[in-house]
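Spelled out, the chains give:
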Amino acid sequence: MRLLKLVRYQNLLMLAFMQLLFRYGFLKLQNIPLALRDWQYALLVLSTVLIAAAGYIINNIVDQETDAINKPQNQIIGTKITEATAYNIYVGLNCIGVAIGFYLANIIGKPNFAALFIIIAATLYMYATTLKQMPVIGNLIVALLLAISVLTIGIFDLYPVITIENQKIMGSLFSVLLDYAIFAFMINFIREIVKDLEDVNGDHNQGMRTLPIVLGIKRTTILVFVMSIFPIFFLFVYIKNYLLTYNLFATIIYAMLFVLAPLLLFTVKIAIAKTQKDFHYLSTLLKGILLFGILSILILTLNIIYNASF
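Remember, predicted model here, so these are calculated numbers, not experimental data.

The next thing to look at is the packing of helix 6 (residues 115-129) against helix 7 (residues 137-157). Their axes nearest at 11 Å, the elements helix 6 and helix 7 cross at an angle of 165°. The orientation of helix 6 relative to helix 7 falls into the category roughly antiparallel. Of the two elements, helix 6 crosses helix 7, and the hand of that crossing is left-handed. For the pair formed by helix 6 and helix 7, the contact residues are Leu116, Phe117, Ile120, Thr123, Leu124 and Tyr127 on the first element and Gly138, Ile141, Val142, Leu145, Ile148, Thr152 and Phe156 on the second.

Next up, the structure:
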């Protein structure tokens with residue numbers, strides 16, 4: 001249980017669920033060939049989860065003093081697990097994750113794709129040790145890595161089997177994955193800044209230069225309020241240009257109730273948020289929005305397949 005808490009297993013489960021949902025709730029329901037067999041795709045998910053887990057561990061190692069102030073009740077390294085043990089686990093998880101990536105890249109005949117796993121592992125290390133202390137840059141990196149985890153599905157499962165005959169349909173499916181990647185990026189980027197607002201006291205004592213420390217809490221809150229308008233606008237455009245065009249009313253209702261409404265609630269709440277408790281609530285709310293946004297891919301797929309029934 002200590003190890004599970006160390007790697008933030010809830011986030012890892014959500015990451016694995018997201019990748020499984022996009023394949024079995026979306027791609028598998030299309031009449032298309034896929035590059036990976038089921039067990040090979042399971043390895044892809046495992047590789048992603050292991051590298052992400054390693055990223056959480058190195059982040060916790062670097063953040064020991066900050067966590068002692070922000071979240072002392074959740075601190076694992078230095079209290080329940082030694083730093084040396086944490087480093088060994090970190091190296092082991094990265095080695096296994098990257099090795100699986102090498103194997104899968106060769107299986108699909110694209111050995112160069114293995115570089116993606118190395119780049120992600122290296123970026124997570126750089127984020128924990130250097131980039132997270134830079135305003136905005138660290139937030140962008142985390143959000144971008146989540147978006148890449150969505151695009152990785154298309155890179156490994158769609159791209160290798162694209163032919164002249166199926167190029168159009170494959171391009172359409174990949175564009176759907178891209179839309180979800182953009183949505184995930186926007187929501188997670190905003191959430192990372194909200195988390196900085198929540199942890200501003202500990203970060204300040206550690207000499208970090210997060211956005212709330214550089215701009216101040218009030219200005220950062222206003223910035224987050226403005227930023228929250230972008231995913232709302234993105235969702236409205238998506239509904240108008242795609243869902244309404246193809247009469248996908250079940251998906252529209254789902255998006256309005258479980259994604260758009262919570263986003264509007266977030267926009268209202270962030271405008272008046274002041275305390276650490278407020279920012280923690282808003283961070284949790286964004287996590288729920290991201291989850292329900294990802295779940296919409298299944299609603300969308302079923303709506304397309306059984307459009308007459310809906």
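There's plenty left to go through after this.
For the structure shown, the criterion picks out 1 cavity of 30 Å³ or more. Taken as a whole, the largest cavity spans an internal volume of roughly 190 Å³. The wall of the largest cavity is formed by 14 residues, among which Tyr180, Leu235, Tyr238, Gly293 and Ser296 lie closest to the centre. If one sorts the elements of the lining of the largest cavity by residue count, helix 12 (residues 229-243) sits on top with 5 residues.

Roughly 440 Å³ of volume is contained in the second largest pocket. Lining the second largest pocket we find 17 residues, and of these Ser172, Val176, Tyr246, Leu300 and Ile304 sit closest to its centre. Of the residues in the lining of the second largest pocket, the class split is 12 nonpolar, 4 polar and 1 charged.

Looking now at the side chain of Thr251. With respect to the secondary-structure elements, Thr251 resides in helix 13 (residues 249-272). Not counting residues up to four positions away in its chain, the partners in contact with Thr251 are Leu243, Ile299, Leu300 and Asn303.

Following the criterion strictly, the structure yields 4 salt bridges and no others. Of the charged contacts in the structure, one is a salt bridge between Arg23 and Asp38, with a shortest N-O distance of 2.8 Å. One end of the pair, Arg23, is in helix 2 (residues 9-24); the other, Asp38, is in helix 3 (residues 38-62), with 15 residues separating them in the sequence. For Arg23, a relative accessible area of 0% puts it in the buried group. For Asp38, a relative accessible area of 40% puts it in the partly exposed group. A salt bridge links Glu192 to Lys195; the nearest nitrogen and oxygen atoms lie 3.3 Å apart. On the criterion of helical spacing, the pair formed by Glu192 and Lys195 is a turn pair, its members being 3 residues apart in helix 8 (residues 167-198). Lys195 shares its class with Glu192; the two are buried. Salt bridges sharing partners connect three or more residues here, namely Arg23, Lys28, Asp38 and Asp157.

Procedures and definitions
- Residues numbered from 1 in each chain as written.
- Predicted model: local features only at pLDDT ≥ 70, side-chain atom pairs only at ≥ 80, totals over all residues.
- Heavy atoms only, no water.
- Axes fitted to C-alpha atoms, helices over the stretch in contact; angles between N-to-C directions.
- Helix = DSSP H or I, 4+ residues; strand = E, 2+ residues; numbered from the N terminus.
- Parallel < 35°, antiparallel > 145°, perpendicular 65-115°, else oblique.
- Left-handed = near helix turned anticlockwise from the far one by under 90°.
- Contact = heavy atoms within 4.5 Å.
- 1 Å grid on protein atoms, 1.4 Å probe; cavity = no way out; pocket = protein on both sides within 12 Å on 5 of 7 lines; lining within 4 Å.
- Points joined across faces, edges and corners; volume = space filled by probe spheres on them.
- Nonpolar A, V, L, I, M, F, W, Y, C, P; charged D, E, K, R; others polar.
- Salt bridge = Lys/Arg side-chain N within 4 Å of Asp/Glu carboxyl O.
- Buried < 20%, exposed > 50% of the residue type's maximum accessible area, 1.4 Å probe, protein only.

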